[in-house]
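# Geometric and topological summary
Here's the letter readout for the chains.
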Amino acid sequence: MHGPSPYVLITGGSDGIDKAIAQDLYDRGFNVIIHGRNEEKTRGVADAIRARSRIHDFAHMVEPFRHLNITLMVHNVGGDSMRREKADELPESHHLSVIQLNAIFPLLLTRALLPALRIAAARGPTMVQFMGSHALPDSDERTWGQPSGVHFSYLVVNAVISGGLHGQVSLTTPSAAYFGKAVVSQIGCGRRRYAPYAAMQWALGFRREEMVDAIMAQAVDELLVAQEKEA
């Protein structure tokens, strides 16, 4: 009722009932100001609450809109404030809040709306659009202050037969041992994003998206069947 950022001031919030009230109000979306007589204890409570992932009742959130014919959903929430601090100069709570905002919130909100979106899709085109940019700590290490020489890269991993994924080794699903060697051979290749075992990507790159979806669905189904037989 008061917009996206209401505040609550709680006195004696460093322990007991008021501490629990502070935690629950934070989970419900309030910004919390905690008063306490012991500064160290109060700061500890604030840090612990700040590190919590906000719990949203997504079903309740979308209830007023369930009767609407939503055919396009655009996720533009996210990002991070620009700053000169490097990754290790920011608290864990900051990084957790970035993950919550950029990944968890859009995922769970989409999940809550999927039943309505499926109904809309039966009548016509329906789309969920994600927007954003991709950055790595590599930018921080190269930009802020004296370049440190520490580099970051993103490794693309497809299906690999290992302890967590059972099935038959093939051209598109290598063994963990083979994939490990491919990873080692590509470390330090100079690219910020690379796929050390790209046979599947090369093969799928020449096919239409419909065929790619069908191939991926079949591959996942075969792997699940193989796991179910072993269980």
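Computed from a predicted structure; not experimentally measured.

Now for the overall build of the protein. In terms of helices and strands, the protein carries eight helices and six strands. Reading the secondary structure of the protein in the N-to-C direction produces β-α-β-α-α-β-α-β-α-β-α-β-α-α. Looking at the 231 residues of the protein, the share that counts as buried comes to 23%. Taking all contacts inside the protein whose residues are at least 6 apart in sequence as the whole, residues at least 24 apart take part in 58%.

Within the fold, A120 resides in helix α4 (residues 92–121). Along the backbone, A120 and N69 are 51 residues apart, and their C-alpha atoms lie at a distance of 6.3 Å. For A120, the contacting residues outside a window of four places in its chain are N69, I70, T71 and T126.

Along the polypeptide, T110 turns up in helix α4. Among the polar contacts listed, one links the side chain of T110 to the backbone oxygen of P106, at a separation of 2.7 Å. In this structure T110 touches M73, H75, V128 and F130, once residues within four positions along its chain are discounted.

For the rest of this paragraph, the subject is the environment of H166. Assignment of secondary structure puts H166 in the loop between β5 (154–155) and α6 (176–186). Distance from H166 to V225, taken between C-alpha atoms, is 9.7 Å for residues 59 residues apart in sequence. Every residue in contact with H166, bar those within four places of it in the chain, is listed here: I161, L223, A226, Q227 and E230.

So, how was this worked out
- Residues numbered from 1 in each chain as written.
- Predicted model: local features only at pLDDT ≥ 70, side-chain atom pairs only at ≥ 80, totals over all residues.
- Heavy atoms only, no water.
- Helix = DSSP H or I, 4+ residues; strand = E, 2+ residues; numbered from the N terminus.
- Buried < 20%, exposed > 50% of the residue type's maximum accessible area, 1.4 Å probe, protein only.
- Contact = heavy atoms within 4.5 Å.
- Polar contact = N/O pair within 3.5 Å; in protein donor to acceptor, adjacent residues only side chain to side chain.

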